[in-house]
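Residue strings, one per chain:
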Amino acid sequence: RSKILDIGCGKGFLIYELKKLMPEAQISGLDISQYAIENSKEEIKENLIVGNANDLPWEDESFDLIISINTLHCLHSYDLEKALKEIERVGKNKKYICVESYRNEAEKANLLYWQVTCEAFNTIEEWLWWFNLCNYSGDYSFIFFE
């Protein structure tokens with residue numbers, strides 16, 4: 001039975017879709033927003049908890065897959081390091097992170113204007129530095145605002 005964690009799950013829409021595709025899987029979600037968790041779909045609400053990515057309430061190597069889409073860039077540097085290390089701690093070998101980044105000043109300006117919750121304004125090279133510093137071993141991708 002696969003165990004999957006979505007960090008920064010919001011109202012759990014991805015978890016809802018994954019449960020439909022993989023009903024036997026144990027899929028959990030964590031989000032910092034009490035409002036999002038309280039207003040999630042009833043079918044998955046019991047799988048969601050309020051919490052912070054920098055302090056995951058699970059044992060080491062609890063999950064076969066960890067997903068975090070458009071979440072970690074919302075963390076300050078001191079929390080970003082903790083969160084990346086926590087993902088490594090609770091995950092086995094499959095992890096995927098998607099974060100916002102920029103490749104030039106125009107994309108940085110677009111990111112600054114668009115993302116009101118972004119705290120980690122990092123270039124690709126800076127994100128790779130963070131991943132290396134924290135021994136993050138999973139996959140990753142970037143979103144750019146061209």
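All of these numbers come straight from a predicted model, not from anything done at the bench.

J.: Can you walk me through the packing of aromatic side chains in this structure?
T.: The geometry of an aromatic ring pair is captured by the separation of the ring centres together with the interplanar angle, meaning the angle of the planes. Inspection of every chain in the model, using the stated rule, returns 7 aromatic pairs. Here the aromatic rings of phenylalanine 131 and tyrosine 136 are separated by 5.1 Å at their centres, their planes lie at 45°, and the arrangement is tilted. Each member of the pair, phenylalanine 131 together with tyrosine 136, is buried. Taken together, the ring pairs connect Trp127, Phe131, Tyr136, Tyr140, Phe142 and Phe144 into an aromatic cluster. The side chain of lysine 41 reaches across the aromatic face of tyrosine 16, ending 4.7 Å from its centre. The residue whose ring lies beneath arginine 103 is phenylalanine 144, and the NZ or CZ to ring-centre distance is 3.7 Å.

J.: Would you mind showing me how to read the pairing of strand β1 (residues 3-7) here?
T.: Looking down a regular strand, the side chains alternate between one sheet face and the other. Within β1, 4 of the 5 residues are buried, which leaves the element mostly enclosed by the surrounding structure. The pairing of β1 with strand β2 (residues 26-31) spans 5 bridges and is parallel. Bridge assignment links isoleucine 7 to a residue of β2, and that residue is leucine 30. The parallel pair β1 and β2, bridged by helix α1 (residues 13-21), forms a crossover whose chirality is right-handed. Both β1 and strand β4 (residues 63-69) contribute to a ladder of 3 bridges, which runs parallel. Bridge pairing links aspartate 6 to isoleucine 67 in β4.

J.: I would appreciate a short explanation of the nonpolar core in the present structure.
T.: Among soluble globular proteins, nonpolar side chains are generally buried collectively. Core analysis: the biggest nonpolar cluster contains 23 residues, and Ile7, Leu72, Leu80, Leu84 and Ile97 have the highest contact counts within it. Counting only elements with at least two residues in this core, the list comes to β1, β4, α3 (77-90), β5 (91-100) and α5 (124-133). For this core, the element with the highest residue contribution is α3, accounting for 5 residues. With near-sequence residues (within four places) excluded, leucine 84 lies in contact with Leu72, Ile97, Trp130, Phe131, Cys134 and Tyr136. Listed in part, the 11 residues of the second largest apolar core include Ile4, Leu18, Ile44 and Leu48.

Thresholds, definitions, all that
- Residues numbered from 1 in each chain as written.
- Predicted model: local features only at pLDDT ≥ 70, side-chain atom pairs only at ≥ 80, totals over all residues.
- Heavy atoms only, no water.
- Phe/Tyr/Trp six-rings, centres within 6.5 Å; stacked < 30°, edge-to-face > 60°.
- Buried < 20%, exposed > 50% of the residue type's maximum accessible area, 1.4 Å probe, protein only.
- Lys NZ or Arg CZ within 6 Å of the ring centre and 35° of its normal.
- Helix = DSSP H or I, 4+ residues; strand = E, 2+ residues; numbered from the N terminus.
- Pairing = 2+ DSSP bridges.
- Right-handed = clockwise from strand over helix to strand, strands pointing away.
- Core = buried A, V, L, I, M, F, W, Y, C linked by side-chain atoms within 4.5 Å.
- Contact = heavy atoms within 4.5 Å.

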